[in-house]
Amino acid sequence: MNENTSATTEIIISGFGGQGVLSMGKILAYSALMEGKEVSWMPAYGPEQRGGTANVTVIVSDERISSPIVSTFDVAVVLNQPSLEKFEPKIKPGGILIYDGYGISVPPTRQDISVYEISAMDAAAEMGNPKGFNMIVLGGLLQLTGIVQLDNVLKGLRKTLPERHHHLIPANEQALRKGMEIIHEVES
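Here is a short report on the structure shown in this document. (Residues numbered from 1 in each chain as written. Predicted model: local features only at pLDDT ≥ 70, side-chain atom pairs only at ≥ 80, totals over all residues. Heavy atoms only, no water.)

1. Looking at the overall build of the protein chain
Part 1 of the reasoning: The helix and strand inventory of the protein chain stands at six helices and seven strands.
Part 2 of the reasoning: Taken along its principal axes, the extent of the C-alpha atoms in the protein chain is 50 × 40 × 35 Å.
Part 3 of the reasoning: Residues counted as buried form 46% of the 188 residues belonging to the protein chain.
Part 4 of the reasoning: Element-wise, carbon and sulfur atoms account for 49% of the exposed surface of the protein chain, whose accessible area totals about 9700 Å².
Part 5 of the reasoning: The protein chain carries 15 positive and 21 negative side-chain charges, and their two centres are separated by 9 Å. (Helix = DSSP H or I, 4+ residues; strand = E, 2+ residues; numbered from the N terminus. Buried < 20%, exposed > 50% of the residue type's maximum accessible area, 1.4 Å probe, protein only. Areas by Shrake-Rupley, 256 points an atom, 1.4 Å probe, with all protein chains shown as cover. Lys, Arg positive; Asp, Glu negative; His and termini not counted. Charge placed at Lys NZ, Arg CZ, Asp CG, Glu CD.)

Now the structure itself:
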């Protein structure tokens, strides 16, 4: 009998600094905390934050997390080619890869994972909300994994955004919902 019935999801979100990678991770972590889950949030970024590469590992579990350090992931969200090259091989077989085609010149090739594309950059431009890019991507992640509820993400936004930016929450909710609509599986 399998005694490990807890749900633990190990996620890496990676892209260029300035794409909202760390914010996505922080909002996801806060949202999971609000659902009473155990959470680990570990950011990493190059020497030049904006324009350099940035990534964040988020682990969400029903049980205590033994280590925030993981070498393979259930889900990878990659927003540029260097991130795809670095993290595609580190997705567990049967895992999920999400990417925005805008930053990818050579698409993913693995056959043992589910690959999803989200045209977040295009959708953000169409919505007239370029800063909503990361929320569109986060919406796609939520749609696929159901890791946290949308209501708790909105509460997480209230917690992570300075109060002077709370007027942006409706636009962020719209971006999250857009991401949930437009994510689609890539046929291999």
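Okay, back to it.
2. Observations regarding the packing of helix α1 (residues 21-34) against helix α5 (residues 150-160)
Part 1 of the reasoning: Closest axis-to-axis distance for the α1/α5 pair is 8 Å, and the angle between their directions is 115°. Regarding α1 and α5, the two cross each other, and that crossing is right-handed. Between α1, through Lys-26, Ile-27, Tyr-30, Ser-31 and Met-34, and α5, the contact on the second element is made entirely by Asn-152, Val-153, Lys-155, Gly-156, Leu-157, Lys-159 and Thr-160.
Part 2 of the reasoning: Residue classes in the contact of α1 with α5 are distributed as five nonpolar, four polar and three charged. (Axes fitted to C-alpha atoms, helices over the stretch in contact; angles between N-to-C directions. Left-handed = near helix turned anticlockwise from the far one by under 90°. Contact = heavy atoms within 4.5 Å. Nonpolar A, V, L, I, M, F, W, Y, C, P; charged D, E, K, R; others polar.)

3. A word on the packing of α5 against helix α6 (residues 169-182)
Part 1 of the reasoning: Running from N to C, α5 and α6 cross one another at 145°; their axes reach a closest spacing of 11 Å. Remark: the crossing between α5 and α6 carries right-handed chirality. Facing α5, whose interface residues are Leu-150, Val-153, Leu-154, Leu-157 and Arg-158, α6 presents Ile-169, Asn-172, Glu-173, Leu-176, Arg-177 and Met-180.
Part 2 of the reasoning: Each residue belonging to the contact of α5 with α6 can be placed in one class, and the counts come to seven nonpolar, one polar and three charged.

4. Thoughts on the sheet that holds strand β2 (residues 38-45)
Part 1 of the reasoning: Within the open sheet, the seven strands sit side by side as β2-β3-β1-β4-β5-β6-β7. Their pairing is mixed. Among the strands making up the open sheet, the edge pair consists of β2 and β7 (184-185).
Part 2 of the reasoning: In this structure, strand β6 (residues 114-117) lies alongside β7, joined through two bridges in antiparallel fashion. Across the sheet, the residue bridging to Tyr-116 is Glu-185, located in β7.
Part 3 of the reasoning: Lying over the sheet, α1 contacts β1 (8-16), β2 and β3 (53-61), oriented at roughly 170° with respect to β2. (Pairing = 2+ DSSP bridges.)

5. Concerning α5
What sets the pattern is the α-helix's 3.6 residues per turn: residues three or four places apart point alike.
Part 1 of the reasoning: Residues of α5 that are buried: Leu-150, Asn-152, Val-153, Leu-154, Gly-156 and Leu-157.
Part 2 of the reasoning: Those residues of α5 that are buried are in contact with α1, α4 (133-145) and α6.

6. A word on the nonpolar core
Side chains of a nonpolar character, in soluble globular proteins, are inclined to be buried together.
Part 1 of the reasoning: Formed by 38 residues in total, the largest nonpolar core has its most connected members in Leu-28, Val-77, Ile-98, Val-137, Leu-138, Leu-142 and Leu-176.
Part 2 of the reasoning: If we skip the residues at most four places from it in the chain, Ile-98 touches Val-75, Ala-76, Val-77, Val-78, Tyr-116, Ile-118, Leu-141, Leu-144 and Ile-183.
Part 3 of the reasoning: Counting residues in hydrophobic clusters, the runner-up holds 12 residues, among them Val-78, Tyr-99, Ile-113 and Val-115. (Core = buried A, V, L, I, M, F, W, Y, C linked by side-chain atoms within 4.5 Å.)

7. Topic: the pattern of salt bridges
As a working rule, side chains carrying opposite charge can pair if their charged atoms are close by.
Part 1 of the reasoning: Tallying each qualifying case throughout the model produces five salt bridges.
Part 2 of the reasoning: One salt bridge in this structure joins Lys-92 and Asp-74, with 3.3 Å as the shortest N-O distance. With Lys-92 in strand β5 (residues 91-99) and Asp-74 in strand β4 (residues 73-78), this residue pair connects regions lying 18 residues apart in the sequence.
Part 3 of the reasoning: With a shortest N-O distance of 2.8 Å, Arg-110 and Asp-112 are connected by a salt bridge.
Part 4 of the reasoning: In this structure Asp-112 comes out as partly exposed when scored by relative accessible area, which is 38%.
Part 5 of the reasoning: Each of Glu-10, Asp-74 and Lys-92 takes part in a single network of salt bridges with overlapping partners. (Salt bridge = Lys/Arg side-chain N within 4 Å of Asp/Glu carboxyl O.)

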